[in-house]
Amino acid sequence: HVQLVESGGGSVQAGGSLTLSCTASGYSFSSCEMGWYRQAPGKERELVSTISRTGTINYADSVKGRFTISQDKSNNTLTLQMSSLKPEDTAMYYCARGSGGYCYLEGAYNYWGQGTQVTVS
């Protein structure tokens, strides 16, 4: 079955950097759209960044120029490099995989990791 496990969260000062990793198992890493979401206290979960089945990348406006998503298909790892972190980046960050016929995020439902906390002060 599909499993996604995030790591790399922590507490940093504003302006600092963190790199989040998501290791996937149970499916072919190249077959599905992947992404990072986050949810801050009192707010709705929001999309941070996605990488499509063909490698097309999208970022939320709030993180453009600061975050970089990448994929290492050789070891089934999705990475989110975060720099110039701001207090508003504080959230639980979740790795997600798409589903459905084309394996798009939100195509049918997402597979989720357990989340990793990022706190910026």
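Summarised in this report is the structure supplied together with it. What you are looking at is a predicted structure, and each value in this text was computed from that prediction instead of being measured.

A few points about the overall build of the chain
Here is step 1 of the chain: When helices and strands are counted, the chain shows zero helices and 11 strands.
Here is step 2 of the chain: Taken over the C-alpha atoms alone, the chain extends approximately 40 × 30 × 25 Å along its principal axes.
Here is step 3 of the chain: Across the 121 residues in the chain, those meeting the buried criterion constitute 45%.
Here is step 4 of the chain: By sequence separation, contacts in the chain at least 24 residues apart represent 56% of the contacts at least 6 residues apart.
Here is step 5 of the chain: Within the structure as shown, the chain displays about 6000 Å² of accessible surface, and the carbon and sulfur contribution to it stands at 47%.
Here is step 6 of the chain: Put simply, the chain has 9 plus and 9 minus side-chain charges, and the middle of one group is 3 Å from the middle of the other.

Let's talk about the nonpolar core
If you look at soluble globular proteins, the nonpolar side chains tend to sit buried side by side.
Here is step 1 of the chain: Trp36, Phe67, Leu78, Leu80, Met82 and Tyr93 are the most contacted members of the largest nonpolar core, which totals 25 residues.
Here is step 2 of the chain: When contributions to this core are tallied by element, the ones reaching two or more residues are β3 (18-25), β4 (34-39), β5 (46-51), β7 (67-72), β8 (77-82), β9 (91-97) and β11 (116-120).
Here is step 3 of the chain: Here the element with the most residues in this core is β3; it accounts for four residues.
Here is step 4 of the chain: Sequence-distant contacts of Phe67, defined by excluding residues within four places in its chain, comprise Arg38, Val48, Tyr59, Leu80, Gln81, Met82, Ser83, Leu85, Asp89 and Tyr93.

Side note on the pattern of salt bridges
Here is step 1 of the chain: The full count for this structure, using the stated rule, is four salt bridges.
Here is step 2 of the chain: As a salt-bridge pair, Arg38 and Glu46 come within 2.7 Å of each other at their nearest N and O atoms.
Here is step 3 of the chain: Relative accessible area serves as the criterion here: at 4%, Arg38 is assigned to the buried category.
Here is step 4 of the chain: Between Asp89 and Arg38 there is a salt bridge, and its shortest N-O distance comes to 2.9 Å. Of this pair, Asp89 sits in the loop between β8 and β9 while Arg38 sits in strand β4, placing them 51 residues apart in sequence.
Here is step 5 of the chain: Exposure remark for Asp89: the relative accessible area of 0% places this residue in the buried category.
Here is step 6 of the chain: Residues joined by salt bridges that share partners form a network here, namely Arg38, Glu46, Arg66 and Asp89.

Definitions and cut-offs
Residues numbered from 1 in each chain as written. Predicted model: local features only at pLDDT ≥ 70, side-chain atom pairs only at ≥ 80, totals over all residues. Heavy atoms only, no water. Helix = DSSP H or I, 4+ residues; strand = E, 2+ residues; numbered from the N terminus. Buried < 20%, exposed > 50% of the residue type's maximum accessible area, 1.4 Å probe, protein only. Contact = heavy atoms within 4.5 Å. Areas by Shrake-Rupley, 256 points an atom, 1.4 Å probe, with all protein chains shown as cover. Lys, Arg positive; Asp, Glu negative; His and termini not counted. Charge placed at Lys NZ, Arg CZ, Asp CG, Glu CD. Core = buried A, V, L, I, M, F, W, Y, C linked by side-chain atoms within 4.5 Å. Salt bridge = Lys/Arg side-chain N within 4 Å of Asp/Glu carboxyl O.

Remember, this is a structural readout, not a statement about activity or role.
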